[in-house]
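Survey of secondary and tertiary structure
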Amino acid sequence: MIRATLLREWREGWRDRRLPLFLATLFLLFAAATATTALETWRADRGRVAAEQAERARWLAQGERWAHQAARYGIYVFRPAPPLAVADPGIIPYVGGAVLLESLAWNDPVLRPAEDATFVERFGPLSPANVLLVALPLLLVLFGHGIVAREREIGTWPMALSQGIRPGALLADKVLSLWLATAAVLIPAGAVIAGLAAIRAGYFDGPSTSLPPGDALGRGALWLLLALVWALIWSAVTVLVSATVTRRAAALGSLLVLWACLCLLLPRAVATIAEVAAPIPSQQGLQTELLRELANGDLGVDLAARRRALLQRYGVQRVEDLPVNPEAVEFQAAEDRADAVFARDRRGLFDAFERQQTFSQWLSFLSPWTGAHLLSQAVAGSDIHHQRDFVFAAETQRRAIQELLNRELALHPDRDGKRHLSNVGLWARVPEWTWTDGPVAAALSRVWPAAAALAGWLVLLFLALRRVASREIVR
Amino acid sequence: MKLWPSRTSPADGDVPSPGLTRSQLERMLAKRDGTLRLLVMVVAFLSLFAVITGSFALLRVQSSLAEARRSEALAFADAKQLAENLDRGITAAPGTESNPNGTLPAWRDPRDVRWYAYEQQFAYAIKKPRVSSLLDAGQQDLLPSYYRVTVDARDKALRTYEYANPHALLLGSMDAAFVLLWLLPLGWIASTIAVGASERERHMIEPLAATGVWLGGLWARRILLRVAALLVPFLLVTNAAVLLMALVQDGPLLANLGEALLDLAGWNALSLLYAGFWAALLLVAAARGSGTSRNAATLATLYVGLLVLGPALATFVARTVHPAPTRHAYVQAMRDATDQVTREADKLQEQWIREHPALLPPGQDSSKVDWPSTRLLRLNVLEQRTLPIEQNYADAVAAQAEIVSGFETVLPPLLIQDALNRITGTDSARHTEFLERVGTYHRELRAWFFPKMLAMLKAGASAPKKFEAHADWPRFEPVAARNPLWTSGFFEKAALLVLASLILVALGLGRRSWRSRPSSNPSYPVTGEEPVG
């Protein structure tokens, strides 16, 4: 029976050109979006790998220098594009991807791509994720709104039921027919995206890769799974509404309103409510507080007392006789003092972001779009959690560099008023910047409410379909 | 004969009097249209929601700016107080538990212009948001409204962002502009989808035409009525919100109201222009002679084309034709320039020290010469050299904007969004001008401090340190003005949009099948009722 229903639906759709139009539009949209994001990602990767190599070469070639001067000069680290940026660039255009690691400063990532863009980009990027989350539901609505309503209009629906076919099975077949038609595009699109991600991960195997090719493939498979679940949700919504009303026009009208609410209105409304409910501190407020704390921390230091303690520790009378460089000891002490302040400040900021994110996740039970969006970004590695990981990993690297340079400086006190100059031997000991995205399981564990919301929507829709089917029996 | 489909027919006992004009009748029908009533309520609610959240966003920006100015004033007052204490011989900073003596590091002395300029002084450059920006966040959530300017590296000052959740930036704000551009068209489509199509599906077209009714006029009236029914509450809510906000703003009331009224005039005109375009589209759709379902599909496709695919295509073309170099390249170019300037400066410094060894403080090597002054000198040179690098990005974005501007001619939502951004002062062009002002101010500030720093350096340790000598550094005048609309070639494109709308209206009204003529299909039912009026 399933086969017969599917074939009938597709044959009908093929005859009145709805099915080829639907498939072709979906295919073209995915192809254009994937090509666009792949090109952008490739450009970004190429730029990033070249910059990383140049930065490393520059660091090594700085010649003889006072180590603290090198610490102030700093070194840039770059965030690789997320493993599945081809599918969903997510928040990447709106966050900086380059951080200058220098002494006594936890710099914010800078150079957001959105700043070099026109206002049109705020209408929404052409990415596979956007095609999946916004265009696909609309196409499904346009293609499938009459899947039951039309049969009611022409009278074949009651005829089919009078043949003893269970309405539940018939509705399930209708959902399946829409879903399989969509899957016919989604599966190859997902495969191409996963393949591109794996190729990219293998090709751009620079100093910092985003992910091994195998993991990229895994993320690609998960993204495809999400796409299929999303398509299933909208197939079910379409059939449910089409089965609930009696006319095609009413089905289309209701579905369009649903689409507008679920895919346009609610996501923005949810994000806006989250911003009001869990506001983020202003940059200047945080910076003022940070500088105040740092300055107070410095005031709290009695340099003379510290020097005395140092002299006592090494059993010498004069600073010149110290086997260590007191300046370097003080540099590291200042770093340690600042680290605590920086960590509290940045943790507070990212906690504020995550409070909003958590708020949005729970609202996914109202707006499945938000849930799917957050899941897509989590799988793609382009969400706020991955950005947090990058920012904190960069800071860990900064601290490691500062500690190394200060230790080296501490072992070489000034002699005859001359500062000790370090050379490439020291610069080469600074570890290369490597950063890879964490395991996808960790990423998913942070968005479980969104996943639960999507699962909840699926269950709810199938319960609703069962209810509609049972009413058909009564009727 | 009935002039309307049965679902909107007057109920029994509420039959319109024979003297009722057609307009009155249509208004009465619209009032009784349950869907329209619901949509009006939804639009009113969404508009209210949008202006409330927009007001929150505006107040947040204003509060940040006020806080910035307060912290600037506070820092100045603290520095002044500390300088006075030091003048009075109180040489210590406030003691703390771990530093009971409260020894003050040299770089905390505000009387030393070198350290004050380099370590302590800062000023906030502020771009004042317009009250009307509560209607349209535009690029305001992305581009900062203030920068903390110091004499240090310009890049350091200008590469700071206001903290915002990137996820919210990606989605965009739920502001009134979003309601106008994205949601109202859906409301208009939903409320007018059956105009003409419903009569057609009930086989009422021919009988109606046979009565001598001009169908084009009838549909146009119905569409306009419904478009207006949704637009009016939207405009009422948004206008009221801006006027109320203008009333509670600081500053002269008349000036605030004047600014708000000026912006609202533009806002209302643009809303009407957009509504007119959609009304014309809806009229053409009604004239196509399709059923409700097909009409809906056509209009939904147009909607997606105009608001989703069109802008995506514009972005794609603009980025492909004029790609901005990656910012990775920018970082590298800046680093290269920094290295080069450092090398040259080191060489010069070494030479200078070789030639003037007596000027070097005793017991110090060349790496210990005055840090703030030498850094500023280097930065001056560096920033002059790196200006062309930055210009590359600005040029690329300007070229992209040119292309987008071309798309505005065929994509009215882009034209309207761009114009709304300009009117509310949330556009990129205004920000670019603000950035230029900040750049100029940064140079002025450095040019003001630098001679004083050099003088202090020349005078050496014995130089008198007076805070008053450098207390009146130039302050930044907040930027309030916005770009006038005509600078963007808006009016030419708006005229084209009006022309296109008029052509669409003419196409819709001029459809031959709508002209009154006797029924050519005798199979259509004719009820025999007389038309009203």
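Residues numbered from 1 in each chain as written. Chains lettered and ligands numbered in written order. Predicted model: local features only at pLDDT ≥ 70, side-chain atom pairs only at ≥ 80, totals over all residues. Heavy atoms only, no water.

Observations concerning the overall build of chain A
The helix and strand tally for chain A stands at 17 helices and five strands. Relative to the compact-globule value of 23 Å for 475 residues, chain A shows a C-alpha radius of gyration of 29 Å, a clear excess of over 25%. Along the longest, intermediate and shortest principal axes, the C-alpha atoms of chain A span 105 × 40 × 35 Å. Taken across its 475 residues, chain A has 59% of its residues classed as buried. (Helix = DSSP H or I, 4+ residues; strand = E, 2+ residues; numbered from the N terminus. Rg over C-alpha atoms; globule rule 2.2 N^0.38 Å. Buried < 20%, exposed > 50% of the residue type's maximum accessible area, 1.4 Å probe, protein only.)

Considering the overall build of chain B
Check the secondary structure of chain B and you find 16 helices and two strands. In chain B, the proportion of contacts linking residues at least 24 apart, taken out of those at least 6 apart, comes to 83%. Carbon together with sulfur atoms contributes 62% to the accessible area of chain B, which is approximately 23500 Å² in total. (Contact = heavy atoms within 4.5 Å. Areas by Shrake-Rupley, 256 points an atom, 1.4 Å probe, with all protein chains shown as cover.)

Brief notes about helix α1 (residues 22-32) of chain B
Here α1(B) has its buried residues at L25(B), E26(B), M28(B), L29(B) and A30(B). Packed against the buried residues of α1(B) are α2 (34-87) and α9 (215-247) of chain B.

Considerations on the environment of A87(A)
Residues and elements named next belong to chain A. When you line up the elements, A87 lands in the loop between β2 (75-78) and β3 (98-102). Between the C-alpha atoms of A87 and Q357, which are 270 residues apart in sequence, the distance is 21 Å. Excluding its chain neighbours within four sequence positions, the residues that come into contact with A87 are S127, P128, A129, I193 and W223.

Section: the packing of aromatic side chains
Under the criterion given, the structure shown has 32 aromatic pairs over all chains. Taking the centre distance of 5.6 Å and the plane angle of 70 degrees together, the rings of F390(A) and W435(A) count as edge-to-face. Remark: W435(A) occurs in the loop between α15 (424-427) and α16 (440-445) and F390(A) occurs in helix α14 (residues 384-410); sequence separation between them is 45 residues. Take F390(A) and W435(A): they sit in the same class, and that class is buried. Between the aromatic rings of F45(B) and F49(B), the centroid separation amounts to 6.5 Å while the plane-to-plane angle is 25 degrees, which identifies the pairing as stacked. Residue F45(B) and its partner F49(B) are located together in helix α2, separated by four residues, close to a single helical turn. According to the relative accessible area criterion, F49(B) is buried, its value standing at 19%. Connected via pairs of aromatic rings, a cluster forms that spans F76(B), Y116(B), W448(B), F449(B), F467(B) and W473(B). (Phe/Tyr/Trp six-rings, centres within 6.5 Å; stacked < 30°, edge-to-face > 60°.)

Things to note about the nonpolar core
Counting residues in hydrophobic clusters, the biggest one holds 175 residues, and the most contacted among them are W234(A), W259(A), W182(B), W188(B), F234(B) and Y303(B). Setting aside chain neighbours within four positions, we find Y303(B) in contact with W259(A), L264(A), W182(B), P185(B), L186(B), I189(B), W278(B) and V308(B). By size, the runner-up hydrophobic cluster in this structure holds 43 residues, among which are W66(A), I91(A), L101(A) and L349(A). (Core = buried A, V, L, I, M, F, W, Y, C linked by side-chain atoms within 4.5 Å.)

Remarks on the pattern of salt bridges
The full count for this structure, using the stated rule, is 43 salt bridges over all chains. A salt bridge links D339(B) to R58(A); its shortest N-O distance comes to 2.8 Å. A residue pair is termed interchain when its members come from two chains, as with D339(B) in helix α12 (residues 327-355) and R58(A) in helix α2 (residues 18-60). The burial state of D339(B) is the same as that of R58(A); both residues are buried. Its salt-bridge partner being E115(A), residue R112(A) comes within 3.3 Å of it at the nearest N-O pair. Its relative accessible area of 4% is what places R112(A) among the buried residues. (Salt bridge = Lys/Arg side-chain N within 4 Å of Asp/Glu carboxyl O.)

Some remarks on the confidence of the model for chain B
Residue and element names in this part refer to chain B. Across chain B, pLDDT averages 81, with 84% of residues at or above 70. In the predicted structure, residues 1-15 sits below a pLDDT of 50 and forms 44 contacts with residues beyond four places in sequence or in another chain. In this model, residues 516-533 is a region of pLDDT below 50 whose contacts with residues beyond four sequence positions or in other chains number 33 contacts. For this predicted complex, the interface confidence comes out at an ipTM of 0.87, alongside a pTM of 0.85. (pLDDT = per-residue confidence, 0-100.)

So, the interface of chain B and chain A
Across the contact, 95 residues belong to chain B and 91 residues belong to chain A. Approximately 8500 Å² of surface area, both sides summed, lies buried where chain B meets chain A, with 61% of it carried by carbon and sulfur atoms. When the buried area of chain B at its contact with chain A is split by residue, Y161(B), Y163(B) and R335(B) rank highest and sum to 10% of it. For the pair chain B and chain A, the interface holds seven salt bridges. R122(A) is the salt-bridge partner of D141(B), the closest N and O atoms lying 2.9 Å from each other. For the interface between chain B and chain A, the tally reads 30 residue pairs in polar contact (both at pLDDT 80 or more). Among the elements of the structure, α2, β2 (146-149), α5 (166-171), α6 (176-192), α11 (292-321), α12, α13 (371-408) and α14 (412-423) of chain B are those that each provide at least two residues to the side of chain B that touches chain A. (Buried area = accessible area lost by both parts, 1.4 Å probe. Polar contact = N/O pair within 3.5 Å; in protein donor to acceptor, adjacent residues only side chain to side chain.)

Examining a nonpolar patch on the surface
Where nonpolar side chains cluster on the molecular surface, the patch consists of V276(A), L48(B), I52(B) and F56(B) and spans about 330 Å² of accessible area. For the nonpolar patch, the element with the highest residue contribution is α2(B), accounting for three residues. (Patch = residues over 30% accessible without salt bridge, like charges linked within 9 Å, V, L, I, M, F, W, Y side chains within 5 Å.)

A few points about the packing of α14(B) against helix α16 (residues 490-509) of chain B
Each pair of packed helices gets described by two things: the angle between the helix axes and the distance between those axes. Residue and element names in this part refer to chain B. Viewed as axis vectors pointing N to C, α14 and α16 meet at an angle of 145 degrees, and their least axial separation amounts to 11 Å. Judged by the sense of rotation from one axis to the other, the crossing of α14 with α16 is left-handed. In contact with P412, L415, I416 and A419 of α14, α16 contributes F490, K493, A494 and L497. (Axes fitted to C-alpha atoms, helices over the stretch in contact; angles between N-to-C directions. Left-handed = near helix turned anticlockwise from the far one by under 90°.)

Looking at the sheet that holds strand β4 (residues 105-106) of chain A
All names here are of chain A. The three strands are arranged β2-β3-β4 in an open sheet whose pairing can be described as antiparallel. Strand pairing shows two members of the sheet lacking a second neighbour, β2 and β4, which therefore form its edges. Of the pairings in the sheet, the one linking β2 to β3 comprises four bridges and is antiparallel in character. Bridge pairing in β3 links F78 to A98. The sheet strands contacting α14 are β2, β3 and β4, and the helix crosses β3 at an angle near 25 degrees. (Pairing = 2+ DSSP bridges.)

Regarding unusual backbone geometry
With the exception of glycine, most residues fall at negative phi, and the peptide bonds are largely trans. Residues and elements named next belong to chain A. Although it is not a glycine, L104 adopts a positive phi angle of roughly 55 degrees. Of note, L104 is situated in the loop between β3 and β4. Phi angles above zero are rare outside glycine, and L111 is one such case at about 65 degrees. Looking at the secondary structure, you find L111 in the loop between β4 and α4 (128-144). A relative accessible area of 8% places L111 in the buried class.

Brief notes about the environment of Q340(B)
Locating Q340(B) in the fold gives a position in helix α12. Sequence separation between Q340(B) and L270(B) is 70 residues; the distance between their C-alpha atoms is 52 Å.

Some remarks on the side chain of T424(B)
Residues and elements named next belong to chain B. Relative to the helices and strands, T424 resides in the loop between α14 and α15 (428-459). Within the structure, T424 has its side chain in polar contact with the backbone oxygen of L420 (distance 2.7 Å). In this structure the side chain of T424 is engaged in a polar contact, spanning 3.1 Å, whose partner is the side chain of T426. Every residue in contact with T424, bar those within four places of it in the chain, is listed here: R130, S132, S133 and D136.

Focus on the environment of F49(B)
In the structure, F49(B) is positioned 130 residues away from V179(B) in sequence and 9.9 Å away in space, judged by C-alpha atoms. If near-sequence neighbours (up to four positions away) are discounted, F49(B) is found in contact with A269(A), I273(A) and M174(B).

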